[in-house]
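Analysis of the macromolecular model
So the chains spell out like this:
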Amino acid sequence: MSIILTNDNRAHVIIKPDAIYLRQTQRILSILNASCGVTPQTARLMLITEDVLFEWNPSIASLPDHDRAEVVSYYTRPMLYVELKIPSDNDECYGCLLESKLKIRNTLGADNYRNFLHVPNNANEAMLEYSIYRNNLFTIAMDYDTLLAKGENMCRILIVGDSLVEGVGDPEKRGWATRLSTVPGMLVTSDGVGGRTALDVLETVDKLPEGFDLALVQVGLNDSRYRDTLMGSEVSLSRYCKSITEIVRILQSKASRVAILGLTRVDEKLTDPYKVDKSYRNQLIEMYDQRLKEMSQDEPFDYIPVPTLTNTPDLLFDGLHPSSEGHQLLLESVLAYIDARCAQQR
């Protein structure tokens, strides 16, 4: 967690990957509130790249290969950026937050790298850090509708999509959607089928049950897939967007909130071609992913950014599908999103 103080009685808090995965976000925010009187105002997902990490802390680039790889792997996982309202002047609150940081680390059992939170040495350093990674923040919708149904302890989640939802590439734990079902407090209904496009999802989504707090969608890689026989993508970008709009409309009647995961990237050495007359190309995937981001600004769904999975070879199973480690990163992206929405409702 990185605390950044400004001149308008606000601070920014960055909650690190281990805190998110171990479901400690709300506990951390509660400790900060009880100790310093700060309250969350907004929350954004944060995904930084290796280049941004080295700009933030140049000394990381000079670490031995194994240590550098471990640090990069940790800091390029999904994190959470929470803006806090502070009750007193910056200097007084900054000291309190620094003390609370040590308390949180001791309470949760931090080590050198997985330490749940980070506090810059001073406010000027914090502002410099923010200037470096501000472009790696992703806004979650700022309305304050409840993610959890009133009086319920379980978050009821519907997941629909393609082979990534089905869990291909993760034979032991069966993918990020199944992994989510094992997280305490999550009641998951999953419908993932390999090969699906948005057109396929649209044909089946109306048949899915109702009564969910959150609906998650992951589809688009197969839509962007290049077909020589079509001299273009499997599903045109315009048809993909229209299908997404209609899928969201239907899911709004089944869940209180709808969110769509961004599109992962591929290892083109293994996917171009992937099979006869089927090629996955990052340039096309980027186009479809960018449209999802743009649509989320105007349509009633949240966009969940996900790691590209192309940073290291072990994140992809076959060049297309996530490996077990890749599915874990997708899970952490979803958990960060859920924490962001819950943080806004405190």
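Fair warning: this is a prediction, and the values are worked out from it, not measured in the lab. (Residues numbered from 1 in each chain as written. Predicted model: local features only at pLDDT ≥ 70, side-chain atom pairs only at ≥ 80, totals over all residues. Heavy atoms only, no water.)

On a plain count of helices and strands, the chain comes out with 14 helices and 12 strands. The proportion of buried residues among the 346 residues of the chain is 54%. Contacts in the chain between residues far apart in sequence, at least 24 positions, make up 78% of those at least 6 positions apart. Accessible surface for the chain amounts to roughly 15,200 Å². Of this, 49% is attributable to carbon and sulfur atoms. (Helix = DSSP H or I, 4+ residues; strand = E, 2+ residues; numbered from the N terminus. Buried < 20%, exposed > 50% of the residue type's maximum accessible area, 1.4 Å probe, protein only. Contact = heavy atoms within 4.5 Å. Areas by Shrake-Rupley, 256 points an atom, 1.4 Å probe, with all protein chains shown as cover.)

The subject of this paragraph is the state of the cysteines. Counted under the stated rule, the structure contains 1 disulfide. Disulfide pairing places Cys36 opposite Cys96 at an S-S distance of 2.2 Å. On the sign convention where negative is left-handed, the bridge of Cys36 and Cys96, at about -95° about the S-S bond, is left-handed. Placement of Cys36 in helix H2 (residues 25-36) and of Cys96 in helix H5 (residues 90-108) is noted, with a sequence separation of 60 residues between them. (Disulfide = S-S within 2.5 Å.)

Now for the nonpolar core. The tendency in soluble globular proteins is for nonpolar side chains to be buried as a group. With 81 residues, the main nonpolar core has Trp176, Leu180, Leu216 and Ile244 as its most contacted residues. Counting residues per element, this core draws most heavily on helix H14 (residues 324-344), at 9 residues. Not counting residues within four places of it along the chain, the set of residues in contact with Leu180 comprises Ile157, Ile159, Met186, Val188, Leu216, Leu331, Val334 and Leu335. (Core = buried A, V, L, I, M, F, W, Y, C linked by side-chain atoms within 4.5 Å.)

Turning our eyes to something else, we now look at the confidence of the model for the chain. On average, residues of the chain score 88 in pLDDT, and 89% of them are at 70 or above. Predicted confidence is poor over residues 2-7, with pLDDT under 50, and the contacts of this stretch with residues over four places away or in other chains come to 36 contacts. Low pLDDT, under 50, characterises residues 142-152; the predicted model gives this stretch 28 contacts beyond four residues in sequence or across chains. (pLDDT = per-residue confidence, 0-100.)

Before going further, it helps to examine unusual backbone geometry. Along the chain, Asp272 connects to Pro273 via a cis peptide bond; the corresponding omega equals 5°. Locating Pro273 in the fold gives a position in the loop between helix H12 (268-271) and helix H13 (282-296). A positive phi angle is found at Arg174, which is not glycine, with a value near 65°. In this fold, Arg174 is placed in the loop between helix H7 (163-166) and helix H8 (175-181). Arg174 gets classed as exposed once you look at its relative accessible area, which sits at 54%.

Right, let's talk about the pattern of salt bridges for a bit. Per the stated rule, a full pass over the model turns up 17 salt bridges. Note that Arg179 and Asp170 form a salt bridge whose closest N and O atoms lie 2.8 Å from each other. Here Arg179 and Asp170 have matching classes, each one buried. Ionic pairing is found between Arg225 and Glu234, a salt bridge with its closest N-O pair at 3.1 Å. Overlapping salt bridges bring together Arg225, Arg227, Glu234 and Asp277 as one network. (Salt bridge = Lys/Arg side-chain N within 4 Å of Asp/Glu carboxyl O.)

This brings us to the packing of aromatic side chains. Scanning the entire structure with this criterion turns up 5 aromatic pairs. Considering the side-chain rings of Trp56 and Tyr75, the 5.6 Å spacing of their centres and the 70° angle between planes classify their relative orientation as edge-to-face. On the criterion of sequence distance, the pair formed by Trp56 in helix H3 (residues 50-56) and Tyr75 in helix H4 (residues 65-75) is long-range, its members being 19 residues apart. A connected cluster of aromatic rings, assembled from ring pairs, spans Trp56, Tyr74 and Tyr75. Between Arg281 and the ring centre of Tyr226, over which it is positioned, the NZ or CZ distance is 4.3 Å. (Phe/Tyr/Trp six-rings, centres within 6.5 Å; stacked < 30°, edge-to-face > 60°. Lys NZ or Arg CZ within 6 Å of the ring centre and 35° of its normal.)

The next thing to look at is helix H11 (residues 237-251). Under the 1.5 Å per step criterion, the end-to-end length of H11 is 21 Å for 15 residues, consistent within 8% with the ideal 21 Å. Check the buried side of H11 and you find it contacts strand S6 (155-161), helix H9 (198-204), strand S8 (212-218), helix H10 (221-224), strand S11 (255-261) and H13. (Expected span 1.5 Å × (residues − 1).)

What follows covers the side chain of Glu332. Along the polypeptide, Glu332 turns up in helix H14. A relative accessible area of 5% means that Glu332 is categorised as buried. There is a polar contact of 2.8 Å between the side chain of Glu332 and the side chain of Arg77. Excluding anything up to four places from it in sequence, Glu332 contacts Pro17, Ile20, Tyr21, Arg77 and Pro78. (Polar contact = N/O pair within 3.5 Å; in protein donor to acceptor, adjacent residues only side chain to side chain.)

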